[in-house]
Protein chains: 2
Amino acid sequence: MKLVVVGGVAAGMSAASRARRMDASAEIVVLEKGQRISYGACGLPYWIEGQVRGLDELTVYTPEFFERERNIRVRLGAEVAALHPARREVVLADGERIGFDRLVWAAGARPRQRFDDPRVFSLHTDTDAVRLQAALHEGKPRTAAVVGGGYIGLEMAGALRARGLEVELHDRGPHLLHWNEDWLTKMIAERLERSRVSVHLNSAVEDPRALRKDLILTATGLTPNAAIPAAAGAETGRSGALRVNDYCETSIAGVYAAGDCCETRHAVTGAAAWVPLGTTANKMGRVAGANAAGRRERFFGIAGTTVVRIAGLGVATTGLSAALAAGEGFGAVAARITKRERPAYFRGRKAAVELVGDRRTGRLLGGAVVGDIDPTGRINVVAAALHAHLTVDQFAQLDLAYAPPYATVMDPLLVAAQELLKLLD
Amino acid sequence: MKLVVVGGVAAGMSAASRARRMDASAEIVVLEKGQRISYGACGLPYWIEGQVRGLDELTVYTPEFFERERNIRVRLGAEVAALHPARREVVLADGERIGFDRLVWAAGARPRQRFDDPRVFSLHTDTDAVRLQAALHEGKPRTAAVVGGGYIGLEMAGALRARGLEVELHDRGPHLLHWNEDWLTKMIAERLERSRVSVHLNSAVEDPRALRKDLILTATGLTPNAAIPAAAGAETGRSGALRVNDYCETSIAGVYAAGDCCETRHAVTGAAAWVPLGTTANKMGRVAGANAAGRRERFFGIAGTTVVRIAGLGVATTGLSAALAAGEGFGAVAARITKRERPAYFRGRKAAVELVGDRRTGRLLGGAVVGDIDPTGRINVVAAALHAHLTVDQFAQLDLAYAPPYATVMDPLLVAAQELLKLLD
């Protein structure tokens, strides 16, 4: 069996590795168009910020490692230009044809906009980061604009501030992040302003090159790298990303997909959703690789969990906000509380918790946790509850850990759930 | 409607408050045999340790607050001596008879052993803590023994060390805590020894008064305060605690129970279990109070989640260890990994995660998280999964939050689940 994997970052390398574990004798080839595999792209803003010393610190494994330890052949600079399902082959940009028995398409996504201008940057690949790093070192820019108030834009606004630049942030819409709630946008904007990032909402920047700044970073979202399988007949969803079933199979027999190039099932809506994130890519890649090697594993889908640190403020969300849930047809109700995460005598800091429930079914639909804390533990509890379709009354009684050095007897999560129950009653 | 609540700590005050919210006109009386209500008993070791300045810091609400704000009458020093279901009355120790329409029994638990000796102490009530505090101030003890290696014993060993005493800890069994696994006992014992608490396992102390120490603290477990309802005909379980159904009803009509005096359903075994903890008492109290006031709410049970900090080491468990699960008839398999909780470039510290699964059903049965970290976030995710009866393969794909300042792309929980899946395969 010959397995070809297209893409050598999170989903691709996970797929190749897991396929190898399932099938010791398969021939496995990874085609990566770039010059580096398996790097922690999510760490790139922190290299710019200065927390990470170099790209090597973000690179998990080298091609040599995969060759030597896992008998996986990695070809760098190998860009796939076409897919021929009937002939079971892919064609590289230089015309080379490579046959396969099974294919995992894990080509990721790319910035929706790129501008060919020496002052305008993206931060998506290692190459982007190297170029930006060089410009910061050599060009000594003093002023910067960040276009896009998603988590990359927010991380980069912080990173550029940390490098001493004057920074302004623009978003075309009325909200920062994707939660679409005024209270959260306000908390984030206030924190940014306090760290001297000036925030401009409802500010559509049609051409970033027109901004009079030394450096402009665009982070206006991604588009999936799905055109080649789509041209070969693979179905795509509304997002343009590949559609896959719960086994990571595209509509082309023997062709699997995983990661940022494809949709997956959302645990709350039950429908296909496109939420490109490295964590999902790793997990889907594992499933796609196992199934390509003959297993029959399910990928159970996502809750849409994200976390970002913005000038010290931890902001985490999962599932649907009330605004998003209403858009999906739920009878959405939200409750928000602010409460210390630990007793005052253990210097507990305050956390804001919002939970969203469905009036018709009593189900929990989503949540947000925000504060000068690490919000991951609590948001992960909400995420687990969403995967499990817990109702708000079940959630309100979760047996969460308590000891004074770490928690309060009624965790903010439970207090928020109790408030939400009153509204659902 | 007249509601009498017996016990004014966690379960009792929660029951009274929730009943008031459900029924604005009911007469509500709380009978508390002690001199203080609604105090955070779990914080007592930290008052001894010196983190908490005084008992007042642990007292959430006063009787006056309940009278004034919630129209709940609180009688201190009111010890119930008998219950007469047919006459719908309780009799106090001084002979006074108090009638009720509904009763919530929330009388808690008490130390299994108490010794009438000036050198021997328990730490269960505010009175215990005051007595111990006075002995530490006035007696200037230099050496101490702690008898019992459960979480109270472990917290108190740390507290007495923090007060400068030489401390030794004895447990009659081969393990510390209740997880019954050698690896965890070893980690805790090493940490205690490093903080100069000498640990003696398999060391049965039949009479603590025989120990040649200036101060002896016994923490050898609790026994439920259930004798009075039991004498009145209420069913009890193997533990001696009251049996209640999912609505917190005892077998006596109109008599509810909540908190440390009663059993509840364990989410993993589905059977009744007696796990006296303040968090459960609060939640059960709310349900008992609501139902006593005419609602029909379910208490969904517990996962048995606990956390304790031992000389800086965070130790959290939930559900069943492999040893406990085997004892319950499961085909228990455990996997344990150690992994950084955050990237090295964010100074991530190592966390040990053990997960336990059932070979026959693939269900997750329990977990432990241990390290120089706050383990509550992760153990709470496991607890939520136990409540929801997730399988290990579902758990391994949970959409957990990732950003470099807070987490790794594959959380230690997920890596442990992947290892466990290999063993279950």
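The structure presented is a predicted model; accordingly, all values stated were derived computationally and were not measured. (Residues numbered from 1 in each chain as written. Chains lettered and ligands numbered in written order. Predicted model: local features only at pLDDT ≥ 70, side-chain atom pairs only at ≥ 80, totals over all residues. Heavy atoms only, no water.)

### Structural notes on the sheet that holds strand E5 (residues 89-92) of chain B
Residues and elements named next belong to chain B.
Next up, step 1: Strand order in the open sheet formed by three strands is E4-E5-E6, with antiparallel pairing between adjacent strands. Every interior strand has two partners, whereas the edge strands, strand E4 (80-84) and strand E6 (97-99), have only one. Strand-to-strand twist of the sheet, defined as the mean angle between neighbouring strand axes without regard to direction, takes the value 25°. (Pairing = 2+ DSSP bridges. Helix = DSSP H or I, 4+ residues; strand = E, 2+ residues; numbered from the N terminus. Axes fitted to C-alpha atoms, helices over the stretch in contact; angles between N-to-C directions.)

### Re the pairing of E5(B)
All names here are of chain B.
Next up, step 1: Burial along E5 is two-sided: Glu89 and Val91 facing one way and Val90 and Leu92 facing the other are all buried.
Next up, step 2: As paired elements, E4 and E5 share four bridges and run antiparallel to each other. Of the residues in E5, the one forming a bridge with Leu83 is Val90.
Next up, step 3: Between the end of E4 and the start of E5, which pair antiparallel, lie four residues, with Arg88 showing a positive phi angle near 50°. (Buried < 20%, exposed > 50% of the residue type's maximum accessible area, 1.4 Å probe, protein only.)

### Regarding the relation of the copies chain B and chain A
Next up, step 1: Of the transformation placing chain B onto chain A, the axial shift is 0.0 Å and the rotation is 180°, giving an RMSD of 0.0 Å. The relationship between the two copies is best expressed as a two-fold rotation axis. The C-alpha atom lying nearest the rotation axis in chain B is that of B:Gly377; the distance is 1.8 Å. (Least-squares fit on C-alpha atoms with pLDDT ≥ 70 in both.)

### Some words on the nonpolar core
Next up, step 1: A:Ile188, A:Phe395, B:Ile188 and B:Phe395 are the most contacted members of the largest nonpolar core, which has 182 residues in total.
Next up, step 2: Once residues within four sequence positions are removed from consideration, B:Phe395 is found in contact with B:Leu355, B:Leu364, B:Val381, B:Val382, B:Ala385, B:Leu413, B:Leu414 and B:Ala417. (Core = buried A, V, L, I, M, F, W, Y, C linked by side-chain atoms within 4.5 Å. Contact = heavy atoms within 4.5 Å.)

### What to know about the side chain of A:Ser17
Residue and element names in this part refer to chain A.
Next up, step 1: Counting through the fold element by element, Ser17 comes out in helix H1 (residues 10-22).
Next up, step 2: The exposure class of Ser17 is buried, given its relative accessible area of 15%.
Next up, step 3: Beyond its immediate stretch of four places on either side in the chain, Ser17 contacts Phe66, Arg70 and Ile72.

### Some remarks on helix H10 (residues 376-387) of chain B
All names here are of chain B.
Next up, step 1: Across its 12 residues, H10 extends 16 Å between first and last C-alpha, which sits within 8% of the 16 Å expected from 1.5 Å per residue.
Next up, step 2: Among the 12 residues in H10, 12 count as buried, and that is most of the element.
Next up, step 3: His389 sits one or two positions beyond H10 and adopts a positive phi of about 55°. (Expected span 1.5 Å × (residues − 1).)

### Thoughts on the interface of chain B and chain A
Next up, step 1: Facing the 65 residues of chain B at the interface are 65 residues of chain A.
Next up, step 2: Buried area between chain B and chain A, summed over both chains or domains, comes out near 5,500 Å², and the portion from carbon and sulfur atoms is 61%.
Next up, step 3: Three residues, B:Gln397, B:Asp399 and B:Tyr406, lead the burial of chain B against chain A; their summed loss comes to 16% of the area buried on that side.
Next up, step 4: Counting across the interface, chain B meets chain A through two salt bridges.
Next up, step 5: A salt bridge links A:Arg295 to B:Asp425; its shortest N-O distance comes to 2.9 Å.
Next up, step 6: At the junction of chain B and chain A, the tally comes to 18 residue pairs in polar contact (both at pLDDT 80 or more).
Next up, step 7: If one sorts the elements of the side of chain B that touches chain A by residue count, H10(B) sits on top with eight residues.
Next up, step 8: Within the side of chain B that touches chain A, the residues separate by chemical class into 34 nonpolar, 18 polar and 13 charged. (Buried area = accessible area lost by both parts, 1.4 Å probe. Salt bridge = Lys/Arg side-chain N within 4 Å of Asp/Glu carboxyl O. Polar contact = N/O pair within 3.5 Å; in protein donor to acceptor, adjacent residues only side chain to side chain. Nonpolar A, V, L, I, M, F, W, Y, C, P; charged D, E, K, R; others polar.)

### Topic: the confidence of the model for chain A
Next up, step 1: When pLDDT is averaged across chain A, the result is 96; 100% of the residues are at 70 or more.
Next up, step 2: Note on the complex model: pTM 0.97, ipTM 0.97. (pLDDT = per-residue confidence, 0-100.)

### Some remarks on the packing of H1(A) against helix H9 (residues 278-292) of chain A
Residue and element names in this part refer to chain A.
Next up, step 1: Put simply, H1 and H9 touch, their axes get as near as 7 Å, and they point 30° apart. Looking at the two axes, H1 sits roughly parallel to H9. Crossing hand, H1 versus H9: right-handed. Between H1 and H9, the contacting residues are Ala10, Ala11, Ser14, Ala15, Arg18, Ala19 and Met22 on the first element and Gly278, Ala281, Asn282, Gly285, Arg286, Val287, Gly289 and Ala290 on the second.
Next up, step 2: Along the lines of polarity and charge, the residues of the contact of H1 with H9 split into eight nonpolar, five polar and two charged. (Parallel < 35°, antiparallel > 145°, perpendicular 65-115°, else oblique. Left-handed = near helix turned anticlockwise from the far one by under 90°.)

### So, the packing of helix H11 (residues 376-387) of chain A against H10(B)
Next up, step 1: Contact geometry of H11(A) with H10(B) gives a least axis separation of 8 Å together with a crossing angle of 10°. Considering the angle they form, H11(A) stands roughly parallel to H10(B). Of H10(B), the residues touching H11(A) (which contributes A:Gly377, A:Asn380, A:Val381 and A:Ala384) are B:Gly377, B:Asn380, B:Val381 and B:Ala384.
Next up, step 2: Split by residue class, the contact of H11(A) with H10(B) holds four nonpolar, four polar and no charged.

### Focus: the state of the cysteines
Next up, step 1: A full pass over the atoms with the stated rule returns zero disulfides over all chains.
Next up, step 2: Looking at A:Cys262, it has no disulfide partner, and the nearest cysteine sulfur is the one in A:Cys261, 4.6 Å off. (Disulfide = S-S within 2.5 Å.)

### Some details on the sheet that holds strand E21 (residues 350-358) of chain B
Residue and element names in this part refer to chain B.
Next up, step 1: In space, the five strands of this open sheet follow the order E18-E19-E22-E21-E20, with antiparallel pairing throughout. Bordering the open sheet on either side are strand E18 (306-310) and strand E20 (332-340), each of which pairs with just one other strand. In this sheet, neighbouring strand axes are inclined to one another by 15° on average, regardless of whether the strands run parallel or antiparallel.
Next up, step 2: With five bridges connecting them, E18 and strand E19 (residues 313-319) associate as antiparallel partners. Looking at the pairing, Arg309 lines up with Gly314 of E19.
Next up, step 3: Packed onto the sheet, helix H6 (residues 182-194) meets E18, E19, E20, E21 and strand E22 (364-371) and runs at close to 155° relative to E19.

### Quick look at unusual backbone geometry
Next up, step 1: Of note, A:Cys248 is a non-glycine position whose phi angle comes to about 65°, a positive value.
Next up, step 2: Position of A:Cys248 among the secondary structure elements: in the loop between helix H8 (227-231) and strand E15 (255-257).
Next up, step 3: Located in the positive-phi region is B:Arg347, a residue other than glycine, with phi close to 55°.
Next up, step 4: Looking at where B:Arg347 falls in the secondary structure, it is placed in the loop between E20 and E21.

### Some details on the environment of A:Leu55
Residues and elements named next belong to chain A.
Next up, step 1: Topologically, Leu55 is positioned in helix H3 (residues 55-58).
Next up, step 2: Along the sequence, Leu55 and Ala81 sit 26 residues apart, while their C-alpha atoms lie 28 Å from each other.
Next up, step 3: Not counting the four nearest positions on each side in its chain, Leu55 is found in contact with Arg36, Leu44, Trp47, Asp126 and Val130.

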